[in-house]
Every structure is written in C-alpha cells, then in structure tokens.
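Geometric and topological summary
The chain contents come next:
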Amino acid sequence: MDRRHSRSRSLWRKGVNALMLIWCGLAMVVAIIPLLWILGHVFLMGLPALSWSFFTALPTPVGVPGGGIANALVGSAITVGVGLVLATPVGVLAAYYAAAHPNRPLGLALRFGTDVLSGVPSIVMGIFVYTLIVLPQRHFSALAGGVVLAFIMLPTIVRSTEEMLRLVPPTLREASAALGAPEWRTFLAVVLPAAGNGVLTGLLLAVARAAGEAAPMLFTAFGNPFMSTALDRPIATLPHTIFVYTISPYADWQAKAWATALVLIGLVLSLNVASRILSWWRAHRLGSVTS
Amino acid sequence: MPQNRSRKSPVEESRTLSVVRQLWRHGDRFFQGLVVLAALAVPALVVAIGYVLWNGSALSRRAFGWAFLYTARWDPAIDRIFGALPFIEGTLVTSLLALLVAVPISIGVGIFLAELAPPWLRRPAGFLMELLAAVPSVIYGLWGLFVFIPAVVRPLGEWLSAHLGFLPIFAGPVFGPSRLAAALVLAIMVSPTIAAFSRDVFQAIPQSQREAALALGATRWEMISQVLVPYGLSGLLGAVILGLGRALGETMAVTMVIGNNLDLSASLLHPGYTMASVIANEFTEATYDLYLQALVEVGLVLFATTLLLHIFARLLIWGVARRIPQESRV
C-alpha cells in the first residue's frame, strides 16, 4: 500500500467516523423533538381552557359554556386507587420471592411471567377483564377498570421492587434473624423500610403508567358523563375523556381535550419526575452512609 | 355473670395466648405461603389470559378455523363472515414501517447515550427519553391527529405521491389519517423503548473490548460498528423486537390517526385498520356472540404474537447477559 493510498484511506475513515458520530448526535436531537413539540403544543392549547372551574365542574352538553372534568379526575383517582390497592401487596410479595429465590423454578417462572405481562397489550388485558368481570355482571364498572389497571401495574411493581430488595444489604436481614425475629417481622420491620423509598419509586412509575391508559377503559370503566364514586357503576377517567373529546366533531370539546391532556400530562410527568428525585435522593443518602 | 367470666378468663386468656403463640410460631409458614401465592399469581395470570381468550373465541374458531387468519372479509352486518386479514396486514405494515424509521434513530440514540455523550449530559438526556416513553398513548393520538398529520404527514404524503406516485405503495389520493401517519406516530412511540434497551446493551459490554479496538488504531465509529455492535448484536435484536412488540399492541394513538378503514389497499397513504384498533372500535358494538368472539379471537392473535415475540426477545437478551461475566461489566 503506497503512502498516498493510505492517506486517502485514513481521510476516508476519519470522514466516516465524523459523519456517523454526528448522525448519533443528530438522532438524539431528532428523538427529543417530538417530546418538546407535544409538551409545547399541549401547553399552548390547554392552558387557555384551564380554570379553577375546569377542575371542579362536571361536563356540560355541547354548546353550553363552562364545564369541566371533575368526574374524570375522581374516576381516575378511584380506578388507579383500586388498582394500586390490589396490585401492591401481590407485587411486593412476589418481588420478595423473586429477590430471595431467583433460581428456583417458580422464581424463573415469575420473572418470565413478569416480562410477558409487561408486554401484553393493554387492550388485550381489557378483553380479559371484560370477560372476567363485566360479562358476568352484565354492566361496566369502576371495579373492572381498577382491576385492569392492577394487572397493568403489577409487572412494573414486581420488577422495580425486586431490584430495590436486592439492594438491601444481607447483613441487615441476618442481624434481624440473629435477634430472633421471624422472617415476616424481618420483612415488615427491616427489609421493607430499608427498601421503602425505592419501592415507592416503583409505585409512582406504575401509577403514572396506569393513569394514562385509555384503551382497556373503553370496555371496562366505559366512561360516565356524571359524577360517580360507586365501584359497581361505569366511571369516567382522564385518558378516556381525552379520547371521547378528541374524536368528537365539536371544536368546544376538542379544546377541552387539550385542556384535559394538559392535566394528564402534568400529572404523569410530575409522577415521573418525583420518582426520579426520590431515587436520586435515595442514592445520595445511601452513598453518604456507605462512604 | 361477672363471676362466671372471671372464673373462665384464665382459661380463655391462655387459649387466646396460645392462638397468638401458634400464629407467632407459624407466622413464617403463613408468610411464606402468602409469598409463594403472590409469586404464583403472576405466571398464573399470563396463563389465565391465554385461557380466557382461547375459551372466549371458541365459536369463532370453530366457525372459521385457520381461514380466520387469511380471509380478507370482515362483514358483521350482512353475511356475518369474519376474517382478520385486513387487521393483521395493517398491524404488520404499520409496525414494520415504524421500525424502519425508528431503528436507525433509536440505535443512534443508544450509542450516543452509552458511548458518546459527555457524562454530564447522559442522565438528563436519558431522562428526556424516559419522559417520551411516559407520555400517554391517547395524548400521542390527540397530537398526531390535530398537529402531526397536518404539519408533517399530509405534506410528506403529497410529496411522496407527486414524486413516487408510480409506486403502488405511494399511490394517491392523499388522506390525512393513514397508515403512514400511524407508522410515523408509532415510530416516535417505540423509539424510547429501543433506545433504552440498546443503551443498556452497549453499557453491558466490557471496557476491554473498547480498549482493544482503540489500541489497534480503530476510529471511534470503527470501534462501535466493528466491535461493539457485533458483540451486542443479539441484545440489539432483542431491543428491536421489544419495540416491535410495543408497536403491535399499541391501541389508542393508532386508532386515532389510522382512519379505521377496511379497504385493502397497497398504498401507505390510504387509511387502514389494525388488530388493536378494531378491538377498540367495535368491541362495545358487537351485538351478537359470534361477532364478539371474533373480536376476542383478534385479541388472541395479538396476545399470541406478542407472547412469541417476547419469548424470542428475552432469550436473545438473556443470551447476551449470560455471556458477559458479571465482574467485567462497566
């Protein structure tokens, strides 16, 4: 290989290198643009329609001024709350098993089941719960909505809790056992508090994901234009309200879709930020303890 | 009476005490039982979903057999014939096109986050990607319908049909809501998933691999493309498949931007339909059993597909994780 050839070859290699590295940087920018675009647009379109009464009033018929999303706020709180109450104990206990016996057959099945469950489309979960609860009862209900959300939250809770439980130093558990505490007391009084903040992080993320689910709500919670707090009645939720308002032909409702979207996105993103701050704070505190 | 009670009390007290003591002594067994039950609940749930979908689609499975998968007719109103081909085709076309757009970008993001970004930028940039993944699907739909379609999809479609309209996939007329719109929105939605997993794959590759490549005089890109990518290939493939799984099951955003049209058309600029969106649109309108069961069978196909994809992706990713010794991870 003569020198000139090798020089042009090295120029070529450097050129390709620069080009591809620039591509990767550009990809990052391109990937972030939709986020900023969505956030910016939701903010611009949603803010003018927001007022105090938007949070406290019930929806009005098309053309009647005013109206809000109080029923959807309450409905989302109820369905997510039911889901959380159902999923948290099962998820945390399952995570305890997964952390303690990762290599037993049940531990492997559990981890695999968690992975699969997190990949099952939420609309399929909706069909499952429809067949399980709505069909026998012959009517849509807030309970069915809550159960779907529980199934959707379960894998997130198991996975994040398992990770946190693994971080608890075994010496803590051993110390507790050496003091004569049975396993369940060790779990409740030592392991769980030590991992508590991290478990909370996972719960926040699970709530954030569940609060934005509209698809399974179409045929479980179904939606309700009136205020309802009953578990056995159909109930409105924020994402479902956005869907209904978006596909409606009325400009007034579409404006409300943007405002509702602003409320939902604010809720979901602040849950995400809160979980991030919690985990950062946790890492910070643990770091100062060990160093 | 009081006397009676006081006479009885030592016995009762010792009895309750013994119950408490029993519980205390056997508390661990009780606790472990609960833990095992909870651990069983998760895989049992997966099995139960499969069973319920299988059971709930019996009528439709018996009536149409395998032909359900390749019949292009979905006629609930007159002849009551159900074939899922338009939905299967729509799901595959939109998801694969979404991957075609998302993969180069999101692997680039993964490389940027793991290899190129200065340390102070990694966390915030990664966090922004997480936020992108956290935006609810229905908000993507709202934004896609009112903002993205008029601003990007329509002009793009008009350009494509004007310049490449001789290709059947870009044949006009141009609609706003279309398979192209669904694919592009899906691409945006799955890219954070693929980016996050591919970043993890790159981060799991031992530092020694990088140092060896650089010591041989490789440029950074040569190190990435000739050493890191082959090393993590199966993991990257797993990341892409997980992205595909997410795209296949995505419901709200797609339903809102795809136009929900049953005509089979080769053109991407034409409205279409997907498996998830037909369930979303018609499930509450299914007025007779066969109709409902046909929709459940669409759900069963969706479930089986995502299950298989997930198994495949997990095997690939586990393969990488097992090959890389724990200590040498960065």
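Rules used throughout
- Residues numbered from 1 in each chain as written.
- Chains lettered and ligands numbered in written order.
- Predicted model: local features only at pLDDT ≥ 70, side-chain atom pairs only at ≥ 80, totals over all residues.
- Helix = DSSP H or I, 4+ residues; strand = E, 2+ residues; numbered from the N terminus.
- Rg over C-alpha atoms; globule rule 2.2 N^0.38 Å.
- Buried ≥ 20, exposed ≤ 12 C-beta atoms within 10 Å, placed from the backbone.
- Contact = placed C-beta atoms within 7 Å.
- Domains from an automatic or database assignment.
- Nonpolar A, V, L, I, M, F, W, Y, C, P; charged D, E, K, R; others polar.
- Axes fitted to C-alpha atoms, helices over the stretch in contact; angles between N-to-C directions.
- Parallel < 35°, antiparallel > 145°, perpendicular 65-115°, else oblique.
- Left-handed = near helix turned anticlockwise from the far one by under 90°.
- Core = buried A, V, L, I, M, F, W, Y, C linked by C-beta atoms within 7 Å.
- Expected span 1.5 Å × (residues − 1).
- Arc of directions from axis to C-beta.
- pLDDT = per-residue confidence, 0-100.

1. Comments concerning the overall build of chain B
If you tally the helices and strands in chain B, you get 13 helices and 2 strands. A compact globule built from 330 residues should have a C-alpha radius of gyration of about 20 Å, whereas chain B, at 27 Å, is more than 25% larger. Dimensions along the principal axes, computed over C-alpha positions, put chain B at roughly 100 × 70 × 35 Å. The buried share of chain B, reckoned over its 330 residues, is 46%. Contacts in chain B between residues far apart in sequence, at least 24 positions, make up 76% of those at least 6 positions apart.

2. Considering the overall build of chain A
When helices and strands are tallied, chain A shows 10 helices and 0 strands. Listed N to C, the secondary structure of chain A is α-α-α-α-α-α-α-α-α-α in terms of helices and strands. Here the C-alpha atoms of chain A give a radius of gyration of 25 Å, more than 25% beyond the 19 Å that 2.2 N^0.38 yields for 291 residues. If you line up chain A on its principal axes, its C-alpha atoms span 80 × 70 × 40 Å. Buried residues in chain A amount to 47% of all 291 residues. A fraction of 73% describes how many contacts in chain A between residues 6 or more apart in sequence connect residues 24 or more apart.

3. Quick notes on the domain arrangement of chain A
All names here are of chain A. Its domain assignment divides chain A into domain 1 (3-49) and domain 2 (52-290). One C-alpha centre belongs to domain 1, the other to domain 2; they are set 35 Å apart. Tallying the contact residues gives 6 residues for domain 1 and 8 residues for domain 2. Of the residues belonging to the side of domain 1 that touches domain 2, the class tally is 5 nonpolar, 1 polar and no charged.

4. Some points on the packing of helix H6 (residues 142-167) of chain A against helix H8 (residues 183-211) of chain A
Residue and element names in this part refer to chain A. The interhelical angle for the contact between H6 and H8, taken along N-to-C directions, is 150°, at an axis separation of 8 Å. The angle between H6 and H8 falls in the class roughly antiparallel. Between H6 and H8 lies a crossing of right-handed hand. Contacts between H6 and H8 involve Leu149, Ile152, Met153, Thr156, Ile157, Ser160, Thr161, Met164, Leu165 and Leu167 from the former and Val191, Ala195, Gly198, Val199, Thr201, Gly202, Leu203, Leu205, Ala206, Arg209 and Ala210 from the latter. Across the contact of H6 with H8, the residue classes tally to 14 nonpolar, 6 polar and 1 charged.

5. Some points on the domain arrangement of chain B
Residues and elements named next belong to chain B. The assigned domain composition of chain B is domain 1 (2-56) and domain 2 (64-328). In this structure, domain 1 and domain 2 have C-alpha centres spaced 45 Å apart. Tallying the contact residues gives 5 residues for domain 1 and 5 residues for domain 2.

6. What about unusual backbone geometry?
Although it is not a glycine, Arg138 of chain A sits at a positive phi angle of roughly 65°. Structurally, the position occupied by Arg138 of chain A is in the loop between helix H5 (122-137) and H6. One non-glycine residue with positive phi stands out, namely Arg80 of chain B, at about 55°. Among the structural elements, Arg80 of chain B can be located in the loop between strand S1 (74-75) and strand S2 (81-82).

7. A look at the nonpolar core
Core analysis: the biggest nonpolar cluster contains 190 residues, and Ala94 and Ile242 of chain A together with Ile139 and Val185 of chain B have the highest contact counts within it. Residue contributions to this core peak at 17 residues, all from helix H7 (residues 179-203) of chain B. The contacts of Ile139 of chain B, once residues within four sequence positions are left out, are Ile38, Val42, Ile242, Ala261, Leu264 and Ile265 of chain A.

8. So, the interface of chain A and chain B
At the interface, 68 residues of chain A touch 68 residues of chain B. If you list the elements that add at least two residues to the side of chain A that touches chain B, you get helix H1 (3-46), helix H3 (70-100), helix H4 (105-119), H5, H6, H8, helix H9 (238-246) and helix H10 (251-290) of chain A. The element contributing the most residues to the side of chain A that touches chain B is H1 of chain A, with 19 residues.

9. Notes on the packing of H3 of chain A against H4 of chain A
The description of two packed helices rests on the angle between their axes and on the distance between the axes. Residues and elements named next belong to chain A. Their axes nearest at 9 Å, the elements H3 and H4 cross at an angle of 125°. It follows that H3 is oblique to H4 by the angle criterion. Along this stretch, H3 crosses H4, giving a crossing that reads as left-handed. Taken together, the residues of H4 that come into contact with H3 (itself represented by Ala94, Tyr97 and Ala98) are Gly107, Leu110 and Arg111. In terms of residue class, the contact of H3 with H4 is made up of 4 nonpolar, 1 polar and 1 charged.

10. Structural notes on the environment of His284 of chain A
Residue and element names in this part refer to chain A. Its location among the elements puts His284 in helix H10. You can call His284 exposed: it has 10 C-beta atoms within 10 Å. For the pair His284 and Leu35, spaced 249 residues apart in sequence, the C-alpha separation works out to 29 Å.

11. What to know about helix H9 (residues 220-231) of chain B
Residue and element names in this part refer to chain B. The end-to-end C-alpha distance of H9, which contains 12 residues, comes to 15 Å, matching closely the 16 Å that a straight helix rising 1.5 Å per residue would cover. For H9, every residue scored as buried is listed here: Trp221, Met223, Ile224, Leu228 and Tyr231. Considered in projection along H9, the buried side chains sweep an arc of 140° and stay on one side of the axis.

12. Things to note about the confidence of the model for chain A
Considering every residue of chain A, the mean pLDDT works out to 90; 97% of them sit at 70 or more. The spread of mean pLDDT over the elements of chain A runs between H10 of chain A, the lowest at 85, and H3 of chain A, the highest at 95.

13. Points about the environment of Leu132 of chain B
On the secondary structure map, Leu132 of chain B appears in helix H5 (residues 119-134). A residue is classified by how many C-beta atoms lie within 10 Å of it, and Leu132 of chain B, with 24 of them, is buried. In this structure Leu132 of chain B touches Pro34 and Leu35 of chain A together with Pro192 of chain B, once residues within four positions along its chain are discounted.

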